[in-house]
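# A look at the structure
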Amino acid sequence: MPKPLEGRCVALGVTGSIAAYKALDLASSLVQAGAGVEVMMTAAAQRFVSPLSFSAIVHRPVATDLFDPRSEMGMDHVALARRAELVIVAPATASALARMACGLADDPVSATVLATCAPVLVAPAMDAGMFESPATGANLKTLRDRGVAVAGPERGRMASGLTGVGRMTEPAELMGHARAILGRSGDLAGRAIVVTAGGTREPIDPVRVIANRSSGRMGNAIAEAARDRGARVTLVSADPSAPCPVGADLVVAETAAQMERAVAGAVRGADAVVMAAAVADWTPASPSDRKIKKDDLGAMTLELRRTADVIASVEGPGLVKVGFALETEDLELNARAKLAAKGLDLVVANPACEEGVGMGADDNRVTIIDRSGAAEALPRMSKYDAAWRVLDRVSGLLAAGSGGSAG
Ligand code: CTP
């Protein structure tokens, strides 16, 4: 299953805002994700950023003029509109939104938006006053009603020095929107997947917790990858400050007990649960409701009690259960024991103490073990790529209808 942007034709329209410089970053991310990127610029956009900057990134000529006989558009003004599989307008100024809403077609960006049958994503960027004007509101409503996806704008400091709503959504988040749109008809379309992420935090008193080193990145990568294959994703995250992937429903569950409740609720009607969270095995038996003062104590003994095993206790008809096993030694042996003890369909084993992979790292090196006992040992790769490989297996189990620990 190819990733959503791999080999896809994306038309990127850039209009005249200072945020045009961020579109360079977006173009670069799209190229790195494997898309063929065709950039179109309005005359105003070219006052902010040079077409040469974009062509250096996308390795193609940039469409700057509908009437340039040397460009594809000069010969056939709707050729790109037909070829594009996704049209992104970022930044989209108030004026560009008005042109699109009115159906004007006298610059490369608006002409392509008007003529395309591909999905369109716009990222508004303008001064807050312009964004709040009834005219812009009406234009955005028109575009939304026609099925255009609108990302942002965000609140923050603008080029004018004022703070308000009008900043273009960051390229990393726009990438999430682009992937979600292009992945809509992926192999997990129509499936509901629950993913947990992060390390739980068990309170000792109002200021102290027992935590672990999980960064939540593996779980977030699974949530992103599932969304990018068309799934409806609920992310149960132990870290309230972690960014939630675009399009996923976020449930925050900081402690093991909260996670147990959140997962039990979220799996109702779900097709699969992927338990990437590092859940505490013990919690303070009686957390203090006041800060424990050190002068009361010489040495301190904390009584802990066991938490419930979340993944072992969830059930649902046909529910595919995937657990992780984080081990410092005997990786496969321990992982197999967890697969059996917790009634899992798959266990993803990963080393806890290997340089550059696992907890807190960008990469992982996982071995996927199934109920037959077969182990698929994958090389080191990004967490997103590892997530993609795990979901290949989840997708196979769902297609075969072979989820559910009773099966
Ligand atoms: N897990 C869970 N509930 C817990 C503890 C763990 O659902 N209370 C899940 C984890 O999310 C993971 C799997 O069980 O998917 C294995 O977790 P891991 O921490 O590797 O193992 P433990 O079961 O905690 O066993 P041990 O600490 O002895 O290795």
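Structure shown above.
Described in the following lines is the structure provided in the data block. The model shown is predicted, which means the values in this text are computed figures rather than measured ones.

### Let's talk about the sheet that holds strand β2 (residues 36–41)
Overall, parallel pairing links the five strands, which are arranged β2-β1-β3-β4-β5 in an open sheet. Because the sheet does not close on itself, it has two edges, and the strands there are β2 and β5 (149–150). Of the strand pairs in this sheet, strand β1 (residues 9–14) and strand β3 (residues 86–92) are connected by four bridges, and their pairing is parallel. Opposite valine 10, over in β3, you have leucine 86 as the bridge partner. Here helix α3 (residues 51–58) sits on the sheet in contact with β1 and β2, set at roughly 175° to β2. The sheet contacts of helix α6 (residues 94–102) involve β3 and β4 (120–124), and relative to β3 the element is tilted by about 140°.

### Regarding a nonpolar patch on the surface
A cluster of nonpolar side chains, contributed by Trp282, Met300, Leu302 and Leu304, occupies part of the molecular surface with about 370 Å² of accessible area. Mapping methionine 300 onto the fold places it in the loop between β14 (282–284) and β15 (304–306).

### Some remarks on the site of the ligand
Among the 16 residues in the neighbourhood of the ligand, the closest are listed as Met275, Ala277, Phe324, Lys338 and Lys342. In this structure, an oxygen atom belonging to the ligand sits 2.8 Å away from a main-chain N or O atom of isoleucine 311. Side-chain polar atom of lysine 338 to an oxygen atom of the ligand: 2.8 Å apart, as the coordinates give it. Taken by itself the ligand offers 570 Å² of open surface, and the protein chains cover 76% of this. Comparing atom positions with the cavity grids shows the ligand to sit within the largest pocket. Listed by contribution, the elements that provide at least two residues to the shell around the ligand are α13 (310–313) and β16 (320–327). Split into classes, the residues belonging to the shell around the ligand amount to 10 nonpolar, two polar and four charged.

### What to know about the nonpolar core
Core analysis: the largest hydrophobic core is formed by 35 residues, its most contacted members being Ile193, Ile222, Val322 and Val394. Secondary structure elements with two or more residues in this core: β8 (192–197), α11 (217–228), β11 (232–237), β13 (272–275), β16, β17 (346–351) and α15 (383–399). Not counting residues within four places of it along the chain, the set of residues in contact with valine 322 comprises Val273, Val274, Met275, Ile311, Leu344, Leu346, Val348, Val390 and Val394. Among the nonpolar cores identified, the runner-up in size contains 34 residues, and Leu26, Val58, Ile88 and Leu182 belong to it.

### Looking at the sheet that holds β11
Taking strand neighbours across the sheet as the criterion, the eight strands line up as β12-β11-β8-β13-β16-β17-β19-β20 in an open arrangement whose pairing is mixed. Two strands bound the open sheet, and with one partner strand each, they are β12 (249–252) and β20 (375–377). Averaged over neighbouring strand pairs, the angle between their axes works out to 15° when direction is ignored. Taken together, the six bridges between β16 and β17 define a ladder with parallel strand orientation.

### Regarding the layout of surface pockets
Each pocket or cavity is described by its volume, and for the largest pocket that value is around 910 Å³. Lining the largest pocket are 40 residues; nearest its centre among them are Ala277, Ala278, Val279, Phe324 and Leu326. Among the secondary structure elements, those contributing two or more residues to the lining of the largest pocket are α11, β15, α13, β16, α14 (331–341) and β17. With four residues, the single largest contributor to the lining of the largest pocket is β16. Partitioned by chemical class, the residues of the lining of the largest pocket number 22 nonpolar, 11 polar and seven charged.

Basis of the calculations
- Residues numbered from 1 in each chain as written.
- Predicted model: local features only at pLDDT ≥ 70, side-chain atom pairs only at ≥ 80, totals over all residues.
- Heavy atoms only, no water.
- Pairing = 2+ DSSP bridges.
- Helix = DSSP H or I, 4+ residues; strand = E, 2+ residues; numbered from the N terminus.
- Contact = heavy atoms within 4.5 Å.
- Axes fitted to C-alpha atoms, helices over the stretch in contact; angles between N-to-C directions.
- Patch = residues over 30% accessible without salt bridge, like charges linked within 9 Å, V, L, I, M, F, W, Y side chains within 5 Å.
- Areas by Shrake-Rupley, 256 points an atom, 1.4 Å probe, with all protein chains shown as cover.
- Salt bridge = Lys/Arg side-chain N within 4 Å of Asp/Glu carboxyl O.
- Near = heavy atom within 4 Å.
- Polar contact = N/O pair within 3.5 Å; in protein donor to acceptor, adjacent residues only side chain to side chain.
- 1 Å grid on protein atoms, 1.4 Å probe; cavity = no way out; pocket = protein on both sides within 12 Å on 5 of 7 lines; lining within 4 Å.
- Sits in = over half its atoms within 2 Å of the grid points.
- Nonpolar A, V, L, I, M, F, W, Y, C, P; charged D, E, K, R; others polar.
- Core = buried A, V, L, I, M, F, W, Y, C linked by side-chain atoms within 4.5 Å.
- Buried < 20%, exposed > 50% of the residue type's maximum accessible area, 1.4 Å probe, protein only.
- Points joined across faces, edges and corners; volume = space filled by probe spheres on them.

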